[in-house]
Amino acid sequence: MPEPGREIMDRVGALIDETGCERTQLLEVLHRVQAEFQHIPRAAAEAIEQRMNVPVADTYGLVTFYDLLTEHPVGRSVLRICEDVPCCLHGSDQMAEEAAKRLGPEGEPSADGGVSWTRCACLGLCDKAPAALWREQPLAPLKVHDIEGIGDSHA
Ligand code: FES
């Protein structure tokens, strides 16, 4: 039986084959890895280094820069609540409190791995504050009952 890191490297190698191994393809590869593993595992960064000639440090530089990528596992579906000023002025802090109450600690996947939530930077939906993304789709203005619905479907 292959070790888990080897399996991840093989799978990421297949994703790179499908996507392309040019450095310009890196972000697309990372989005596909994130979608499949709910984070960017170390073994994925190593596979990217081997196959795309991108140092692990450069990959993690991107991962820590973009809100949509993460080093730590998140839920298969993520609620992203904007925390920038316009959304704060329209109650995003209260929405984050509600998310913590209904969905658990920020950044931690639910017991079934189905959902997690996080704060994020401006989503470009300031006119509909407080804004959020749910499954990468706008949810704005975000309401308490939206969060209740998400929590109930993963209770
Ligand atoms: S400040 Fe929240 S969407 Fe722009």
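Whatever comes next refers back to the structure up there.
Notes on the structure follow. (Residues numbered from 1 in each chain as written. Predicted model: local features only at pLDDT ≥ 70, side-chain atom pairs only at ≥ 80, totals over all residues.)

This brings us to helix H6 (residues 92-103). Taking 1.5 Å per residue, 12 residues should reach 16 Å; H6 reaches 15 Å between its end C-alpha atoms and fits that length. Regarding H6, the residues found buried are Ser92, Met95, Ala96, Glu98, Ala99 and Leu103. Within H6, the buried residues cover an arc of 160° as seen down the axis, which keeps them to one side. Buried positions along H6 lie against strand E1 (77-82), helix H5 (85-89), strand E2 (115-120) and helix H7 (144-152). Just beyond H6, the residue with positive phi is Gly104, at close to 95°. (Helix = DSSP H or I, 4+ residues; strand = E, 2+ residues; numbered from the N terminus. Expected span 1.5 Å × (residues − 1). Buried ≥ 20, exposed ≤ 12 C-beta atoms within 10 Å, placed from the backbone. Arc of directions from axis to C-beta. Contact = placed C-beta atoms within 7 Å.)

For the rest of this paragraph, the subject is the nonpolar core. Across soluble globular proteins, nonpolar side chains show a tendency to be buried alongside one another. With 22 residues, the main nonpolar core has Leu79, Ile81, Ala99, Ala131, Ala132 and Leu142 as its most contacted residues. Elements represented by at least two residues in this core include exactly E1, H6, E2, strand E3 (132-134) and H7. Apart from the residues lying within four places of it in its own chain, the contact partners of Ala132 are Leu79, Arg80, Ile81, Cys82, Leu139, Ala140 and Leu142. (Core = buried A, V, L, I, M, F, W, Y, C linked by C-beta atoms within 7 Å.)

Below, the discussion takes up the packing of H6 against H7. Relative to each other, H6 and H7 sit at 20°, their axes nearing to 9 Å. One element, H6, and the other, H7, form an angle in the roughly parallel class. Pair H6 / H7 crosses with right-handed handedness. For the pair H6 and H7, the contacting residues are Met95, Glu98, Ala99, Arg102 and Leu103 in the first and Val144, Ile147, Glu148, Ile150 and Gly151 in the second. The residue makeup of the contact of H6 with H7, split by class, is 6 nonpolar, 1 polar and 3 charged. (Axes fitted to C-alpha atoms, helices over the stretch in contact; angles between N-to-C directions. Parallel < 35°, antiparallel > 145°, perpendicular 65-115°, else oblique. Left-handed = near helix turned anticlockwise from the far one by under 90°. Nonpolar A, V, L, I, M, F, W, Y, C, P; charged D, E, K, R; others polar.)

This paragraph deals with the pairing of E1. Among the 6 residues of E1, 5 are classified as buried, and the element is accordingly described as predominantly covered. With 6 bridges connecting them, E1 and E2 associate as parallel partners. Counterpart to Leu79 in the pairing with E2 is Trp117. Bridge count for E1 against E3 is 3 bridges, and the pairing is antiparallel. Counted as the bridge partner of Arg80 is Leu133 from E3. (Pairing = 2+ DSSP bridges.)

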